[in-house]
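In case you want the letters, here they are:
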Amino acid sequence: MKRIAITGGAGQIAYSLLFRIAAGDMLGQKESIALHILELPEAIDPLKGVIMELKDCAFPLLQEIHIGSNPEELFKDIDIALLVGAKPRSPGMERKDLLRENAKIFIEQGKALEKVANENVRVLVVGNPCNTNCWIAQSFAKRINPRNFHAMTRLDENRARAQIAEKANVLVKDVSPITIWGNHSSTQVPDYLNATINMQPVKDRLELKWLQETMIPQVQNRGAEVLKARGKSSAASAAGAIIDAVHDLYHPTAPGEWFSSAVLSNGNPYGIQDDLIFSFPCRSTGPGEYEIVSGMEWDAFMQQKIKTSESELVEERSNVRNII
Ligand code: NAX
């Protein structure tokens, strides 16, 4: 049985995510599941409603549900932590203030992982700003290998893949994975150079101008576009990306495939400075294990953009260093 912690259990992403995990979409139909769901005390009542619905689905794989507001109780013995809950950006709030507010949450949760989690736990941070929140959590959980920490850029990858498939009028499965480089923010760089459609370079099928001037900004700003249209931020697609991200980390990566994940940059083959949680192309090398895929090429356009994203992460790290 796998014990999976989810924070932000009464939130909108969790409302899709919990049901898909319990249905076996993430770890397969042979793995039974215990859910450890963390929420703030004021959101425990709505969470209880979600639990009633989970029970009413009668999922055969779902064996235990634990809920509460204390991470030191909920993170005990967990195998996977999905850190989704975070404080949303309120109107007029600067990114710096958002970083500070959320830093407190990820300091507390990093400390709780350090104290009670299984040292083999794998952690995926989704709550924004997810790269820097992940950096904070791993720096407070030194007992756990920092390679076990990821921040989610899979939704960005899925968005880029879907847009390229639509533009080229092919199925999504015909498009190779698209690496997201850097930060999960508007500086992220969706890679058009190393991607293929039916083994043919994407840049031979689609106009470079569209890839650089339309596809990249559309992926970078897709979250804001969804928010504007729906009146709420992306939720089901974010839950789908969490399922994909964990599934692909725990299952063999097919030859020639890869997936995007923001991981510790130490020793990376692309010259990105150490000690950042930076999104790279990765392959699973065993359940929960990965390597960064080397040999991808950058052109001058991508290089300049990737450096901008790296600088943004360096700045975010120095902003939170003052607090921690
Ligand atoms: P909601 O505001 O619907 O839900 C968040 C939930 O987290 C709330 O129920 C809140 O009570 C809870 N929470 C807050 N602090 C907590 C804490 N310390 N411990 C436990 N629970 C806590 O947000 P939702 O739409 O579910 O989004 C959650 C996070 O995902 C946000 O930070 C959002 O920005 C981020 N996203 C990240 C994405 C990514 O690709 N990395 C994409 C989707 C999403 O925007």
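Description of the structure in this document. As the structure is a computational prediction, the values presented were derived from the model and not from experiment. (Residues numbered from 1 in each chain as written. Predicted model: local features only at pLDDT ≥ 70, side-chain atom pairs only at ≥ 80, totals over all residues. Heavy atoms only, no water.)

Turning our attention to the overall build of the protein. If you tally the helices and strands in the protein, you get eleven helices and 13 strands. For the protein, the C-alpha radius of gyration of 19 Å lies close to 20 Å, the compact-globule estimate for 324 residues. The dimensions of the protein, computed from C-alpha atoms along their principal axes, are 50 × 45 × 40 Å. In the protein, the proportion of contacts linking residues at least 24 apart, taken out of those at least 6 apart, comes to 73%. Accessible surface, the protein: about 14,200 Å² in total, of which carbon and sulfur atoms supply 50%. (Helix = DSSP H or I, 4+ residues; strand = E, 2+ residues; numbered from the N terminus. Rg over C-alpha atoms; globule rule 2.2 N^0.38 Å. Contact = heavy atoms within 4.5 Å. Areas by Shrake-Rupley, 256 points an atom, 1.4 Å probe, with all protein chains shown as cover.)

A few words on the site of the ligand. Neighbouring the ligand are 23 residues; Gln 12, Ile 13, Glu 39, Val 126 and Asn 128 lie closest to it. The separation between a nitrogen atom of the ligand and a polar main-chain atom of Val 126 is 3.3 Å. The side chain of His 184 places a nitrogen or oxygen atom 3.4 Å from an oxygen atom of the ligand. In the complex, the protein chains occlude 83% of the 870 Å² of accessible area that the ligand would expose alone. When contributions to the shell around the ligand are tallied by element, the ones reaching two or more residues are helix H1 (12-22) and helix H4 (95-116). By residue class, the composition of the shell around the ligand is twelve nonpolar, ten polar and one charged. (Near = heavy atom within 4 Å. Polar contact = N/O pair within 3.5 Å; in protein donor to acceptor, adjacent residues only side chain to side chain. Nonpolar A, V, L, I, M, F, W, Y, C, P; charged D, E, K, R; others polar.)

In this section: helix H8 (residues 208-220). When the terminal C-alpha atoms of H8 are compared, their 17 Å separation across 13 residues agrees well with the 18 Å that a helix rising 1.5 Å per residue should span. A maximum bend of about 25° is found in H8 at Thr 214, where proline Pro 217 lies one to four positions downstream. Lining the buried residues of H8 we find helix H6 (154-168), strand S8 (189-190), helix H7 (202-205), helix H9 (222-230) and helix H11 (300-321). (Expected span 1.5 Å × (residues − 1). Bend = angle between axes of the 7 residues up to and from the residue.)

Glancing now at the pairing of strand S4 (residues 80-83). Of the two faces of S4, both are covered, the one formed by Ile 80 and Leu 82 as well as the one formed by Ala 81 and Leu 83. Pairing geometry for strand S1 (residues 2-7) and S4, over four bridges, is parallel. Among the inter-strand pairings, Ile 4 is bridged to a residue of S4, identified as Ile 80. Direction of pairing for S4 relative to strand S5 (residues 122-125): parallel, over a ladder of four bridges. Bridge assignment links Ala 81 to a residue of S5, and that residue is Val 123. Taken together, S4, H4 and S5 form a β-α-β motif whose crossover is right-handed. (Buried < 20%, exposed > 50% of the residue type's maximum accessible area, 1.4 Å probe, protein only. Pairing = 2+ DSSP bridges. Right-handed = clockwise from strand over helix to strand, strands pointing away.)

With that settled, consider the pattern of salt bridges. On inspection of all chains with the given rule, the structure shows 17 salt bridges. Glu 101 is paired through a salt bridge with Lys 87; the nearest N and O atoms lie 3.4 Å apart. Of this pair, Glu 101 sits in helix H4 while Lys 87 is found in the loop between S4 and H4, placing the two residues 14 residues apart along the sequence. For Glu 101, a relative accessible area of 25% corresponds to the partly exposed category. Assessed through its relative accessible area of 42%, Lys 87 is described here as partly exposed. Linking Glu 289 and Arg 122 is a salt bridge whose minimum nitrogen-to-oxygen distance equals 2.7 Å. With a gap of 167 residues between them, Glu 289 in strand S13 (residues 289-292) and Arg 122 in strand S5 connect regions that are remote in the sequence. On the accessibility criterion, Arg 122 (9% relative accessible area) is buried. Each of Lys 87, Glu 101 and Lys 104 takes part in one network of salt bridges that share partners. (Salt bridge = Lys/Arg side-chain N within 4 Å of Asp/Glu carboxyl O.)

Our focus in this paragraph is the side chain of Ser 265. Structurally, the position occupied by Ser 265 is in the loop between strand S11 (259-264) and strand S12 (277-286). Classification of Ser 265 as buried rests on a relative accessible area of 0%. Engagement of the side chain of Ser 265 in a polar contact is seen with the backbone nitrogen of Asp 275, the distance being 3.2 Å. The residues touching Ser 265, leaving out its near neighbours within four places in the chain, are Ile 272, Gln 273, Asp 274, Asp 275, Leu 276, Phe 278 and Phe 280.

Ile 21, Leu 54, Leu 82, Ile 164 and Trp 181 are the most contacted members of the largest nonpolar core, which has 76 residues in total. No other element matches helix H10 (residues 236-250), which puts nine residues into this core. The contact partners of Leu 54, leaving out residues within four places of it in the chain, are Leu 18, Phe 19, Ala 22, Leu 35, Ile 37, Phe 59, Leu 62 and Ile 65. Among the nonpolar cores identified, the runner-up in size contains 31 residues, and Ala 117, Val 121, Val 123 and Ala 141 belong to it. (Core = buried A, V, L, I, M, F, W, Y, C linked by side-chain atoms within 4.5 Å.)

Any functional reading would require information beyond the geometric quantities listed.
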